Amino acid sequence: MDHLSNRALQQFRNEVGVRFQLYNSLFTSLPFHRIEKTGILLSLLSNNCEEGYKKRQSPAEIISDFFNKHTTYEKEEDRNDLLFRFVQYIERQVVLFDALEDAAFRNVHDLNGVGTLKHLESEVIQDKKEDELAKKLNDFGIRLVLTAHPTQFYPGTVLGIINDLAKALTDNNTSFINTYLMQLGKTPFFKKKKPTPYDEAVSLIWYLENVFYAAAGRIITALKNQFPESVNNNNPVIRMGFWPGGDRDGNPFVTSDITLKVADALRGSIIKCYYLDVRRLRRRLTFEGVDVMLQELEAKLYNNIFIPGHKTDLGKEEILKILWQIREVLVHQHNGLFLHLVNNLINKIELFGLHFASLDIRQESSVHGKVISAIAENTPGVLPGYSSLTEAEKIEALTTLSLKEPVALPAEPLYADTLQTMMTVKTIQQYNGEEGCNRYVISQFNTALNAIEVYGLFLLSGWKKEELNIDIVPLFETIDDLQHAAGIMQTLYTNEVYRQHLNRRGNIQTIMLGFSDGTKDGGYLMANWSIYKAKEALTAISRTYNINVVFFDGRGGPPSRGGGKTHKFYASMGQNISNKEIQLTIQGQTVSSNFGTIEAAQYNIEQLLNAGISNDLFTNRDITLNETEEELLGELAGISLEAYKQLRDHPYLADYLLHVSPLRFYSETNIGSRPAKRGAASGLSLKDLRAIPFAGSWSQLKQNVTGYFGVGSALQQMEKKGKLLQLQKLYHQSLFFKTLLDNCEMAMMKSFFPLTAYLADHKQYGELWQMIHEEYELTKQYLSKITGQTGLMAEYPVDQLSIQMRERIVLPLVTIQQYALTRIRELDEQLVQAPVKETFEKLAMRCSFGIINAGRNSA
């Protein structure tokens, strides 16, 4: 372990580990009913769990032993009441741990070290790369898209407490810490009803206002201060995107009215941020010539937020014009006093405009085809005989549409809303600016017609071809779709009308690639490799047609869904993959774990910026995979797919997840507005199941199958072929392969098989459990051979310790959940519909919150 890692580990032990024990003891002294007894009994249960699993006891045996040894409770009702109190207690322990990690962030991480802006600055100056940086920043940027599922497992009230608690912990303010812990004890964690898409949007807007506004502003200001000639004012470098209220794929609760309401909330929110900054400026800029201008700007911003009818009174350019005038007066009349404060605000306005974040619209491809067919059947003279046309004829018909006015809305509500949404985009652009809403993402995209259908629908809704300032974004997800992506895009690039549309959009085509469904479909290695190969093929075909392709990665929290050490993936992309922008979704608890505080957000945004810029600026670090390396990884991924298929196609897999994991309670947890399944059919198939509940269920089982299954089998087969040495070399030479395996280790580090070892001999699920466990052990063995390390995540000691501590906190929680699920199965097998079954269902569901929050990137 190097000196920096050792120092960081020591800081983490002192500032998080020791302080957690200290403040955790405060919980037991809080003046709440029976809390002291709960805390003492919980520590006894924790010990019981640790000792019990060493003796190969089942969760049911551990819980039973605990009650018999340490309590006098005989009635099941009293026992369950205590288990619910344990759940609430552990939920608050997790919050305390989150707040301690947030408070320790700047001391544990080197905010000026490798991967940060400061480090990049020193490298650029040292290598005299200022001109290359200016050229790169002319059109390079990162776009962080906050997504809706599941927005946040903590309610907004708890988020506020974590934020305040972290500040109090940083300041060592014991009085405030105690008060906030008391507030935490009184604040409910459970949402009584399912959040609406608008509720989800409000949750994420909290992060825009409290974190991203300041963090992105700091980064741009630092860049402009250090390299004033390099930053292009027309290219913001950092852009925020937003999906709640725009993403209607599989979510019937998102309507055009909700989309408009969310866009309005985003606009109101950013104007509020500007208003508060202007008020702060007024306290400093009290000089003649600027005070009146600031006063007038404050009044305009106030009216815009609070007085109806003023929405169209103020535009981004008008705000900037006033601030530029103020800047001139400061420079020429007041020696530039407080000029940096004005510049900071100008930078934020150039970054966020009046939209704050761009609201993306997303819908599933089959919906568009149905809408067009309904319009063709019910609108005389529009697209006659459409349903009987071939695909090529449909493309021709849609691209040659010429209408004097929009078509009437179809009778079917979903179809009407789809068309209405296209009209709503125009309204949003009118108030929030074009950046407010100018992308339409198409999921389940598998033919060129899917893009042309959306193009045609915009025309049918009243848009003119020459004014259509919308990027049509295909989303490729399954292994099969990824393999055919380049061919589909070639069809689009060679279509004259679509090509003209791209010309009007600056010759840029954005393509989204989804990690989640690919992993569910093809396993961890094949999903990642398929995306890598698809990016290469899409880059090549786009370059052939002189199109600048931008990749938008649909990444989730866990490594299995494209999460983990994300910035390292971007740093590992070679010259064969377009690096024009870095765009990715930030979802689940990744929002709070990686971007929960201003320091953490700034650090992680800088890591992404550095990864994208360094790739092009420092060409001596060529990390492009050569042909032999690609063949080696392709072979490895192919073998892993075959191994994963044995699990994926196992006849009992869906039942296993349904009865052994909390999957069936996902839609009842009230953590997200969308259903856990696509469509309304009963029964369960993996195809219907959304990727988030799929990955989340494995994570709560502490098996994390989606992050490693197939890796061990593939490495073992490669060893038999005499290719293990090549893979060992590749691990040390290729950042892409190294990051792939390092992330795999993270998923495995969060696994704990003793929890479910009681299933090893189960008549129905035993074979499946053993298959998963054997693959885990095999992967662990072979990862050690490849990396040369004896333990998982040995290169990341701070992350390793953080995971170990979190897993220890939730050990009683996962035990309680498995106990509840066992009791439910027993009652199901006895065909008993006792009231207690409902209690166990609630208990299993309630455990999900703490487990998922503690995992930080488990969903």
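Refer to the structure above for everything that follows.
Residues numbered from 1 in each chain as written. Predicted model: local features only at pLDDT ≥ 70, side-chain atom pairs only at ≥ 80, totals over all residues. Heavy atoms only, no water.

Novice: Can you explain the overall build of the protein? Please cite residues and give values.
Specialist: Secondary structure assignment for the protein yields 33 helices and 9 strands. Expected size for 859 residues packed as a compact globule is a radius of gyration near 29 Å; at 28 Å, the protein falls within 12% of this value. For the protein, the C-alpha atoms occupy an extent of roughly 75 × 70 × 60 Å along the three principal directions. Considering the protein as a whole, with its 859 residues, one finds that 61% of them fall into the buried category. Sequence separation of 24 or more characterises 81% of the internal contacts of the protein that already satisfy a separation of 6 or more. Summed over its atoms, the accessible surface of the protein is roughly 33600 Å², and 50% of this surface lies on carbon and sulfur atoms. Distance from the positive charge centre (91 side chains) to the negative charge centre (98 side chains) of the protein: 3 Å. (Helix = DSSP H or I, 4+ residues; strand = E, 2+ residues; numbered from the N terminus. Rg over C-alpha atoms; globule rule 2.2 N^0.38 Å. Buried < 20%, exposed > 50% of the residue type's maximum accessible area, 1.4 Å probe, protein only. Contact = heavy atoms within 4.5 Å. Areas by Shrake-Rupley, 256 points an atom, 1.4 Å probe, with all protein chains shown as cover. Lys, Arg positive; Asp, Glu negative; His and termini not counted. Charge placed at Lys NZ, Arg CZ, Asp CG, Glu CD.)

Novice: Mind laying out the packing of aromatic side chains, listing which residues take part and the relevant values?
Specialist: Given two aromatic rings, one states the distance between the centres and the angle between the planes to describe the pair. Counted by the stated rule, this structure contains 30 aromatic pairs. Centroid distance tyrosine 532 to phenylalanine 736: 4.5 Å. Interplanar angle 40°. Geometry classified as tilted. One end of the pair, tyrosine 532, is in helix α21 (residues 524–544); the other, phenylalanine 736, is in helix α30 (residues 735–749), and 204 residues separate them in sequence. As far as burial versus exposure is concerned, tyrosine 532 and phenylalanine 736 are alike and both buried. In this structure an aromatic cluster arises from ring pairing among Tyr213, Tyr274, Phe352 and Phe356. Just above the ring of phenylalanine 552 sits the side chain of arginine 439; from NZ or CZ to the centre is 4.6 Å. (Phe/Tyr/Trp six-rings, centres within 6.5 Å; stacked < 30°, edge-to-face > 60°. Lys NZ or Arg CZ within 6 Å of the ring centre and 35° of its normal.)

Novice: So what's going on with unusual backbone geometry? Which residues, and what values?
Specialist: With phi around 55°, asparagine 172 is a residue other than glycine that occupies positive phi space. Its place among the elements puts asparagine 172 in the loop between α7 (156–170) and α8 (174–186). If you check the backbone angles, asparagine 335 has positive phi at about 55° while not being a glycine. Tracing the backbone through its elements, the reader meets asparagine 335 in the loop between α12 (316–333) and α13 (339–352). Residue classification places asparagine 335 among the exposed residues on the basis of a relative accessible area of 78%.

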